[in-house]
Amino acid sequence: MQHARDAAPVAPGSVVPLALVILSLVLGARLARLDQHLTVDDPDARRVLVGFYDVERNPTDLFRWSRPEAALFLFGFDGRPAQVMLRFAAPRGDADPPVLSVSMRGRAVGTFSVAPGWRRYYLLTPTDPAGDTPLLLRTAAYRPPGDGRDLGVVLAEFAALPSNDAVWFPPPVRAIFLASFPVLGWLALLWRAPRQALERQLLRWSVVVFLALLAGAAAAFPRVSGYWLPTIGWPWWPLLPLMLVVAWQPMRPLVIHSVARLRSLGVPALWGGAGLTLALVVALRLGLPPVIGMSGVAAAVTLAVVASGAYAATAASGERFAYRTEALALVAITVVALVLRLYRLDDLPAGMWRDEARHGMQALRIWNDPTYRPVYVVAGADLPALLFYLMAPVLAITGPGAGSARLVSALAGAFMPLALWWAARPILGARAAVYGAAFLAWASWGLSMSRWAFPATLDHLLELAAIGTMWRALGQPTRWRMMAGMALAGALAALAAYAYHTGRLAPLVFALLTALHLGRDTRAWRRALPGLAAAAVAGMIVLLPLLWFIAGDFEGYNRRTGAVAIANSQSLEKRTIALVLDNVARYLGMWHIAGDPNGRHHAPGAPMLDPLAGACFAVGVGLAVARWRTRACIPLVWLALALIPGIFSTNAPHAMRSLGALAPSCMLAGMALDALVVSVRNATSVRWRQVVPATVAGTLALSLGFNVWLYFVHMPRNPAVYHEFDLTETAAGRVARAAALTDDPRLRAVQVFLDRRLIAQDTVRFLTFDVTVGAFDGARLSGTVNGDALLILPPDASDDERAAALATLGPAARELEAPLLPNGEAPLFLAYGIGDGAKRLLAETFPTRR
């Protein structure tokens, strides 16, 4: 009765916002124009056309060639049939006119031959009431002489218009979708505070009116709103949030009672929820359907979080962690991280990737050419130059090689756990920081990213160091110490922008986490002003060379990021906003369902965290959400910021672009493990207190063992991993280098000749940078054979090339046994030699591992 009395006065007023929304949609529908006409050089053409090459010109027309598979998107029709006009041509010389097949999400729209000259073709096509509407164009590939592209047909212009007259209301699905925002906004504000002061009521009405006007504007401009705000998530949106809002009041007493009951269970419920989370994470790896598995994980995490009760992730929980124990743990973690990153660094991964070789050549050029001092390398690397400067002295001392090229990245990855502890300790406490550092030390994601010559780990190392320095500097008792610490922190955050593309985000992360640290305390902000100014000045000084380069070559600086931006995606099914949401779903699932499919970045398709760390991470996310007003939310905010580069680019989930999420993920995992320890610290049961150390040690040991197995046992034998690297080129370069640098005079006397195609590869060029190697052009050698000689061909060399190799070396030549791929399925290359020295050179360069 009391609920009815409270709700009754509000009910008549609820009709007003609904009427306002309907009126706004009616006015928008009456003003809407669906007619579309685009030429290929129109600025909006890139929104509509996917799978088309750049604009070309002949004496009479502008046009674009399509690829054999291309798509044309229709926006704003929302289920209404569309009349489409396409101006096509298909000049293919003497070949027959190609047949073009047009379909919409598997439904055939039309099939017709495209004439060599310009013709207009008309189609009547259905459109999708929810989501984007792609018209898929398929035709046989055509490659004209002197053009390496696969071509389809030529498009000059496109038009689309509705098949019916103007209407008084948007299509039903679109209307419900647009109306849901103001209606749900109204219900949410009403539910939050049904009785409010006049000022709050005016604010509520202002929000509802604003959202209703936006809905009307979306109905009035269907083409623009169809691109930027398509009808996505139907029917779950808006039905699911509407059901939650409606059901909350009846379910509220049950929820309150259930929470109280779970909290009364205490430790068993918390540990039971964590154990159930682990079981579901393992089940997801074994094939449990993602919807069922992730729903179960959410329920198990909720159980654990509700039962956790009074846990708060503050530094106070870490005061019980003895400093000596903490120091010894950090030393052990750092040693483990170093061992895991330096062990067999030269041959795991088994081959170099061409980008690693290019980075090595940039470093050698910096060392050898005093006039070459780049800030950002556009041609040949498309990266900031910090990594190349750090690699230069290493390569100058050790010479070109896979291990020497990877050493800087490996060391950066090895010290990231220590940097994580430095950043997390003042936020989460000592114990949670140590646990997080341990998870990071052996995470296969981190191992994969740090054991090759890429700067992906470098910017995150600097970012972690900057955050930890900032947090401590703002707590310094004197102004000068605070200013010095903040200046160092600002410089480190700015320096991260010189490491990798994701480092551009580091100054923003630094600024936002600094704001979170200061919070709403105006006195803290006033006290921190000198330090903030010092950080800004130091950061700007560090960034000046990069800003100067950007001013001179803005296009070059953004070339790579623009190429992978989601706005330039070549997806034939979805456009920008739908792709963003699809990316969000992929990244939400990368910890437990499916990770990066690229074998260079991680085990293809494997979740990015091991089951133990993944379960702790899930519980940590729940704790951060439940305690969003405390410092526990900071790793979660950090995680969301770190995912921005990946969410707004293609090829999701991408382990390299989202690597910044690894450190906060491990922080959340460490926070969860710490919560389990804290929950039994004051338990009355002696058994619980005895079980905790063994459980923590077992969790960390199993996590370490799983990651070591995945990276050092499973991945090296996986063809989807090693085929992503240049194994043949790396092996050929190693042979040439071994012959030049060996201490054995007999092996040094072996003349090594490489096929011209191998010599042209960047990996071979890098590995033979400071040695002389002979060439074989398919018919003759670049030098005269005097004594022992070795000739290496690619494994796919033709029979004629093999015969020519033997004939060129002479009658004493014979085919030698070459090293095999990691799984023994085929040789890395073909080898032909004269004398025992050639055979010994191969045997010593590729010793058999037992």
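Keep in mind that this is a model prediction, so the values were computed, not measured.

Enquirer: Is there a simple way to think about the overall build of the protein in this case?
Expert: Across its full length, the protein carries 34 helices and 17 strands. Counting only C-alpha atoms, the protein reaches 105 × 80 × 50 Å along its principal axes. Charged side chains in the protein number 76 positive and 56 negative. The centres of these two groups are separated by 13 Å.

Enquirer: Would you take a moment to explain the pairing of strand E4 (residues 62-74) for this structure?
Expert: Regular strands have side chains that alternate between both faces of the sheet. Where burial is concerned, most of E4 is hidden: 10 out of the 13 residues are buried. Here strand E3 (residues 56-57) runs beside E4; their pairing, made up of two bridges, is antiparallel. Within E4, the residue paired with Glu56 across the bridge is Phe63. Between E3 and E4, which pair antiparallel one after the other, the connecting turn spans four residues. Inspection of the sheet shows E4 paired to strand E10 (residues 154-162) by two bridges, in the antiparallel sense. Bridging from a neighbouring strand, Arg64 pairs with Leu155 of E10. In this structure, E4 lies alongside strand E9 (residues 133-138), joined through six bridges in antiparallel fashion. If you follow Ala71 over to E9, its bridge partner there is Leu136.

Enquirer: Where do I start with the side chain of Asn718 in this structure?
Expert: Its place among the elements puts Asn718 in the loop between helix H27 (686-714) and helix H28 (719-722). Looking at Asn718, its side chain comes within polar contact range of the main-chain nitrogen of Ala720, at 3.0 Å.

Enquirer: Quick question: what am I supposed to make of the nonpolar core here?
Expert: Note on soluble globular proteins: their nonpolar side chains tend to be buried together. Counting residues in hydrophobic clusters, the biggest one holds 186 residues, and the most contacted among them are Trp445, Leu790 and Phe829. The element best represented in this core is helix H13 (residues 402-428), accounting for 13 residues. Sequence-distant contacts of Leu790, defined by excluding residues within four places in its chain, comprise Val735, Val750, Gln751, Val752, Phe753, Leu816, Ala831, Tyr832, Gly833, Ala838, Leu841 and Leu842. Ranked by size, the runner-up nonpolar core spans 38 residues in total, among them Val40, Leu74, Leu137 and Val153.

Enquirer: Looking at this structure, I do not really get the side chain of Thr650. What am I missing?
Expert: Within the secondary structure, Thr650 sits in the loop between helix H25 (644-647) and helix H26 (662-679). Exposure remark for Thr650: the relative accessible area of 17% places this residue in the buried category. Beyond its immediate stretch of four places on either side in the chain, Thr650 contacts Val564, Ala565, Ile566, Ser569 and Arg657.

Enquirer: Honestly, the sheet that holds strand E16 (residues 814-816) in this entry has me stumped. Any pointers?
Expert: What the five strands build is an open sheet, ordered E14-E13-E15-E17-E16; its pairing is mixed. With partners counted over all chains shown, the strands left at the sheet margins are strand E14 (774-776) and E16, one partner each. Shown here is a sheet whose adjacent strand axes are inclined to one another by a mean of 30 degrees, direction ignored. Sheet analysis places strand E15 (residues 789-793) next to strand E17 (residues 830-834), joined by five bridges and oriented antiparallel. Paired with Leu791 across the two strands is Tyr832, which belongs to E17.

Enquirer: Which parts of the structure should I look at to understand the packing of helix H18 (residues 506-518) against helix H24 (residues 634-642)?
Expert: Helix-helix packing is described using two parameters, namely the angle between the two axes and the distance between the axes. One way to put it is that H18 packs onto H24 with a least axis distance of 11 Å and a crossing angle of 160 degrees. Between H18 and H24, the interaxial angle falls into the category roughly antiparallel. Crossing hand, H18 versus H24: right-handed. Between H18 and H24, the residues in contact are Val509, Leu512, Leu513 and Leu516 and Ile634, Val637, Trp638 and Leu641, respectively. Broken down by class, the residue content of the contact of H18 with H24 amounts to eight nonpolar, no polar and no charged.

Enquirer: Just checking my understanding: could you explain the packing of helix H9 (residues 290-308) against helix H23 (residues 611-626) for this structure?
Expert: In the contact formed by H9 and H23, the axes pass within 9 Å of each other and the chain directions differ by 55 degrees. It follows from the interaxial angle that H9 and H23 lie oblique. As H9 packs across H23, the resulting crossing turns out to be right-handed. Taking contact as the criterion, the partners of Val297, Val301, Ala304, Val305 and Ser308 in H9 are, on H23, Ala618, Val619, Gly622, Leu623 and Ala626. Tallied by class, the residues present in the contact of H9 with H23 amount to eight nonpolar, two polar and no charged.

Parameters at a glance
Residues numbered from 1 in each chain as written. Predicted model: local features only at pLDDT ≥ 70, side-chain atom pairs only at ≥ 80, totals over all residues. Heavy atoms only, no water. Helix = DSSP H or I, 4+ residues; strand = E, 2+ residues; numbered from the N terminus. Lys, Arg positive; Asp, Glu negative; His and termini not counted. Charge placed at Lys NZ, Arg CZ, Asp CG, Glu CD. Buried < 20%, exposed > 50% of the residue type's maximum accessible area, 1.4 Å probe, protein only. Pairing = 2+ DSSP bridges. Polar contact = N/O pair within 3.5 Å; in protein donor to acceptor, adjacent residues only side chain to side chain. Core = buried A, V, L, I, M, F, W, Y, C linked by side-chain atoms within 4.5 Å. Contact = heavy atoms within 4.5 Å. Axes fitted to C-alpha atoms, helices over the stretch in contact; angles between N-to-C directions. Parallel < 35°, antiparallel > 145°, perpendicular 65-115°, else oblique. Left-handed = near helix turned anticlockwise from the far one by under 90°. Nonpolar A, V, L, I, M, F, W, Y, C, P; charged D, E, K, R; others polar.

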